[in-house]
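# Per-entry structural report
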Amino acid sequence: MPVGRRLTRHLTWWGLAAVPLVFLGVFFVWPLLTVLIRGLWDGGFDWAGTWAVVVDSRTADALVTTALLASLGTAGSLALGIPGAYVLYRLRWRGQATVRGIAAVPFVLPTIVVATAFTALLGRSGPLAFLGWDQSVWAIALAMVFYNTAVVMRIVGGTWASLDPRTADAARTLGANRRQAWWHVTVPALMPAVASAASVVFLFCATSFGVVLVMGGTRINTIETEIWLQVNQYLDMRAAAVLSVIQLAFVVGILAVSAWARRRRERVLGTRTVDGTRPATVRDLRVMVPVLTVLGLLMAAPLFSLVERSLRIPGGHGIDHYVALFTDPPRSVLPVSVWQATMNSLVTAVIAAGIATALGLIVAALNAARGRRAATLDALVMMPLGVSSVVVGLGMLLTLNRSVVGFDLRGSWWLVAFAQAVVALPLVVRTLIPQARAIDPRMRSAASTLGARPWRVWASVDWPLLRRPFGLALGFAFAISLGEFGATSFLARPDRPTLPTAIFRLLGRPGLENMGMAFAAAVLLAFLTAGIMMTSERMRTTVGGDL
Amino acid sequence: MTGLSVEDLSVTYGGRRPVEAVRSVSLEVAAGETVALLGPSGCGKSSLLSAVVGIISPAGGRVLWEGADVTHTPVHKRGFGMVFQDGQLFPHRTVARNVGFGLEMAGLDRGARAERVAELLELVGLEGLGERPVTELSGGQRQRVALARSLAPRPRLLALDEPLSALDAELRGRLAVDVRDILTASGTTALVVTHDPAEAEVMASRVLRMRDGELVP
């Protein structure tokens, strides 16, 4: 290849790569670095100031609470998710696919919806108010279990379904009874998957901001809600930055454990996969009935009470709260109607999803051919996954609340869309890259030999095959942006709330009407998100599967 | 002296359209004898073997050992060992701990276990490899470990399900002779399933043919 041509190819690659790199640089890396620096630096290297925040008793409390909540949430999710994995993945029965689909619903619900639903269930005048769990650690842990059981079932179930049952048979022929075969063969084989599920869930629980902020009230604070409090109530950016550094260190620690568990899983499992499922028999009902009952109750109770309380009005039931969504509430409650907030959310989410999928498509196109620089780019765009959205929000608040190269971003609602795009990008990329790599490179070569220029190759081979995954990614990004609460709660202006921040405001105001409106708005958000998710799931396909 | 007797054994796989994999098969294996079950894949020979060992429960018929009915004895109390087609070694255990598994289940103490494991590793020609992870072994070595593992608790009967079919042709020929010698040396009663007539001839003293779930006379 002539030097000139090679240079052009390099320039094209880097020219395309520059788009996601610049975006992430400005809206993710720079804010993140600013947080780090602010955490350690205050007009000079300021260890004393940093240390004062680190040893503050509030910080210690928040750290202990974060670890406690995450441990409770993880333990509960495992306790329910492992039997659930057995029933939903190892066994085979009619209607299973539907139940699996329903069981995955909690995971796609926005945190604010889950928090509101559990408030409806356990809070004052809720059906389970008598438990006295309102604003307690137990209530929050339960909401985390609601969220993450699906994650455990997916990860452990996947491994369990492909475990060769004959390995346990082999143990039986060597004199092991059922329980011994389970302990000596099945448990060790499942352990890496359980460990990896546990570390993922622990990470999710340790960074579940919205649930704690809504359900914890003033008494229960994790590091993330403490960051929010320092910014929004004490106006202490410095303390917030130090806490963010602690949070980052915490997350990096969990990620390291998670990576270690994953490596072990791959080593033990090897490459062999078999179908290890078996049809359920009458005897399996002894396990299936209790497991499915508990799962069903955990899912139905909060969602049912959310809907019930959104319809509850003095002296009966009616749609008054839904009607109220279209009217302007008193200014002290919310500056605009919930309907207007919903419109804000939709517009912001459309922009965020557009940015995230456009960037994702570029990254996927550059990753179609494997290589070191492509892998580095991939790793880079995945980074926001490891950083809590609260830290992303704080970072953007600290850096971009000013004019950047001539653009005045101060208090601009565009920031919300950019933050949501950063949060959604990793999932978009994970949806698109495997599909882009699954396209046989020989198909592209075939197109080239027929005289297609590089962009024509992409347009006539890659794009038609990526169109459906693109739709899926767009839907995901849209749903994530719509429900995004962590970063948004730092960046959304009070006079331009999104639907999640409006719900949060309504929950914090006294009065039955405000509560009722919050419940109605949460139902609306749940339906919007679930609807988008279900529509985009229909785009799920395997590339080339229909060839 | 009678060893294993199988009387009118049938195996049916349920489902919307049940499949009769084995149709009232009767056979006998004398103590110390090695019998081969030969047939094309899908003829039901593996199902028959699994039912004899007790991994699957038969739809009808009986399995007897020295005249005693063991049809409803649970697998782990039946005292029948099995070598699986792909070894089914426990990936999280070393070679020695794989071979020692049955002895652990039988409650042997550490010293007695180590002694027996060493003895068996020598028998299958893998002396000194006890501390290796099984994931680092070659295909032939794995099947030797599988054989040693199932012989360790001294099973009354050893069932071998296509023990060599996962290996390449040359190795298969060599290992078939080894398996025969090992079975003879340990005096084990064995029932071996294979689709390879040559292998059956080498390993077994008697060959039974099977087709469509029935023994061919």
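Residues numbered from 1 in each chain as written. Chains lettered and ligands numbered in written order. Predicted model: local features only at pLDDT ≥ 70, side-chain atom pairs only at ≥ 80, totals over all residues. Heavy atoms only, no water.

### Looking at empty space enclosed by the protein
Residue and element names in this part refer to chain B. This structure, assessed with the given rule, holds three cavities of 30 Å³ or more. The computed volume of the largest cavity comes to approximately 60 Å³. As for the largest cavity, its lining consists of Val-83, Gln-143, Arg-144, Leu-147, Leu-160, Pro-163, Leu-164, Leu-175, Asp-178, Val-179 and Ile-182. In terms of residue count, the dominant contributor to the lining of the largest cavity is helix H7 (residues 169–186) (four residues). The two domains that each donate at least three residues to the lining of the largest cavity are domain 1 (1–79 + 158–217) and domain 2 (89–154). (1 Å grid on protein atoms, 1.4 Å probe; cavity = no way out; pocket = protein on both sides within 12 Å on 5 of 7 lines; lining within 4 Å. Points joined across faces, edges and corners; volume = space filled by probe spheres on them. Helix = DSSP H or I, 4+ residues; strand = E, 2+ residues; numbered from the N terminus. Domains from an automatic or database assignment.)

### Remarks on the packing of aromatic side chains
Two measures describe an aromatic ring pair: the distance that separates the ring centres and the angle between the ring planes. This structure, assessed with the given rule, holds 21 aromatic pairs over all chains. Ring centres of Phe-90 of chain B and Phe-101 of chain B lie 4.7 Å apart, and the angle between their planes is 55°; on these two criteria the pair is classed as tilted. One end of the pair, Phe-90 of chain B, is in the loop between strand E6 (80–83) and helix H3 (95–99); the other, Phe-101 of chain B, is in helix H4 (residues 101–105), with 11 residues separating them in the sequence. Residues Phe-90 of chain B and Phe-101 of chain B agree in their burial class; the two are buried. Grouping aromatic residues by their ring pairs yields a cluster made of Phe-23, Phe-27, Trp-413, Trp-414 and Phe-418 of chain A. The cationic tip of Arg-456 of chain A hangs over the ring face of Trp-455 of chain A; the distance from NZ or CZ to the ring centre is 5.9 Å. (Phe/Tyr/Trp six-rings, centres within 6.5 Å; stacked < 30°, edge-to-face > 60°. Buried < 20%, exposed > 50% of the residue type's maximum accessible area, 1.4 Å probe, protein only. Lys NZ or Arg CZ within 6 Å of the ring centre and 35° of its normal.)

### What to know about the domain arrangement of chain B
All names here are of chain B. Assigned domains of chain B: these are domain 1 (1–79 + 158–217) and domain 2 (89–154). If you average the C-alpha positions of domain 1 and of domain 2, the two centres end up 23 Å apart. With 12 residues of domain 1 at the contact, the number on the domain 2 side is nine residues. Buried surface at the junction of domain 1 and domain 2, summed over both partners, amounts to about 850 Å²; 76% is from carbon and sulfur atoms. In terms of surface lost to domain 2, no three residues of domain 1 exceed Leu-158, Leu-175 and Ile-182, which account for 48% of the buried area on that side. Among the ionic pairs, Arg-144 bridges to Asp-178, the shortest N-O distance being 3.0 Å. If you look at where domain 1 meets domain 2, you find two residue pairs in polar contact (both at pLDDT 80 or more). For the side of domain 1 that touches domain 2, the elements supplying multiple residues, two or more each, are strand E7 (157–161) and H7. Here the side of domain 1 that touches domain 2 gets seven residues from one element, more than from any other, and that element is H7. Tallied by class, residues from the side of domain 1 that touches domain 2 come to nine nonpolar, two polar and one charged. (Contact = heavy atoms within 4.5 Å. Buried area = accessible area lost by both parts, 1.4 Å probe. Salt bridge = Lys/Arg side-chain N within 4 Å of Asp/Glu carboxyl O. Polar contact = N/O pair within 3.5 Å; in protein donor to acceptor, adjacent residues only side chain to side chain. Nonpolar A, V, L, I, M, F, W, Y, C, P; charged D, E, K, R; others polar.)

### A few points about a nonpolar patch on the surface
All names here are of chain A. Together, Val-29, Leu-33, Ile-37, Leu-40, Trp-41, Trp-47, Trp-51, Val-55, Leu-380 and Met-383 make up an exposed nonpolar region whose accessible area comes to about 950 Å². Taken together, the elements giving at least two residues each to the nonpolar patch come down to helix H1 (3–40) and helix H2 (47–54). Structurally, Val-29 can be placed in helix H1. Val-29 sits in the partly exposed class, given a relative accessible area of 30%. (Patch = residues over 30% accessible without salt bridge, like charges linked within 9 Å, V, L, I, M, F, W, Y side chains within 5 Å. Areas by Shrake-Rupley, 256 points an atom, 1.4 Å probe, with all protein chains shown as cover.)

### Some remarks on the nonpolar core
Of all hydrophobic cores here, the largest spans 162 residues; its most connected members are Met-215, Met-396, Phe-490 and Ile-503 of chain A. Setting aside residues up to four positions removed in sequence, Ile-503 of chain A forms contacts with Ile-112, Thr-116, Ala-518, Ala-521, Ala-522 and Leu-525 of chain A. Judged by nonpolar contacts, the second largest core, of 39 residues, contains Ala-171 of chain A together with Val-29, Val-75 and Leu-191 of chain B. (Core = buried A, V, L, I, M, F, W, Y, C linked by side-chain atoms within 4.5 Å.)

### As for the sheet that holds strand E10 (residues 214–216) of chain B
Within a beta sheet, neighbouring strands are joined by backbone hydrogen bonds and run either parallel or antiparallel to one another. Residue and element names in this part refer to chain B. In spatial order, the strands read E6-E7-E8-E3-E9-E10; together these six strands make up an open sheet with mixed pairing. Each of the sheet's edge strands pairs with one partner strand only, and the pair in question is E6 and E10. In this sheet, neighbouring strand axes are inclined to one another by 25° on average, regardless of whether the strands run parallel or antiparallel. Sheet topology places strand E9 (residues 206–211) next to E10; three bridges connect them, and they run antiparallel. (Pairing = 2+ DSSP bridges. Axes fitted to C-alpha atoms, helices over the stretch in contact; angles between N-to-C directions.)

### Side note on the environment of Leu-160 of chain B
All names here are of chain B. The residue Leu-160 is located in strand E7 in this model. Taking C-alpha positions, Leu-160 is 6.5 Å from Phe-84, a pair spaced 76 residues apart along the chain. Leaving out residues up to four positions away in the same chain, Leu-160 has contacts with Leu-49, Val-83, Leu-147, Val-179, Leu-183, Ala-190, Leu-191, Val-192 and Val-193.

### Some remarks on helix H1 (residues 45–53) of chain B
Counted residue by residue, H1 of chain B has eight buried out of nine residues, so it is predominantly covered. Positive backbone phi, approximately 105°, marks Gly-54 of chain B, located one or two places after H1 of chain B.

### Details of the interface of chain A and chain B
Listed as interface residues are 19 residues of chain A and, on the opposing side, 24 residues of chain B. The junction of chain A with chain B conceals about 1,800 Å² of combined surface from both sides, 63% of it contributed by carbon and sulfur atoms. Interface area lost by chain A to chain B is led by Arg-166, Thr-173 and Leu-174 of chain A, which between them contribute 36%. Applying the counting rule to chain A against chain B returns one salt bridge. The salt bridge involving Asp-86 of chain B is made with Arg-166 of chain A; its shortest N-O contact spans 3.1 Å. Elements represented by at least two residues in the side of chain A that touches chain B include exactly helix H8 (165–173) and helix H9 (178–206) of chain A. It is H8 of chain A that provides the largest number of residues to the side of chain A that touches chain B, a total of seven residues. Along the lines of polarity and charge, the residues of the side of chain A that touches chain B split into seven nonpolar, six polar and six charged.

### What to know about the pattern of salt bridges
Summed over the entire model, instances satisfying the criterion amount to 19 salt bridges over all chains. Residue Glu-119 of chain B is joined to Arg-116 of chain B by a salt bridge in which the shortest nitrogen-to-oxygen separation is 2.9 Å. Of this pair, Glu-119 of chain B and Arg-116 of chain B are both found in helix H5 (residues 110–123), three residues apart, which corresponds to roughly one turn of the helix. Connected via shared salt-bridge partners are Asp-164 and Arg-166 of chain A together with Asp-86 of chain B.

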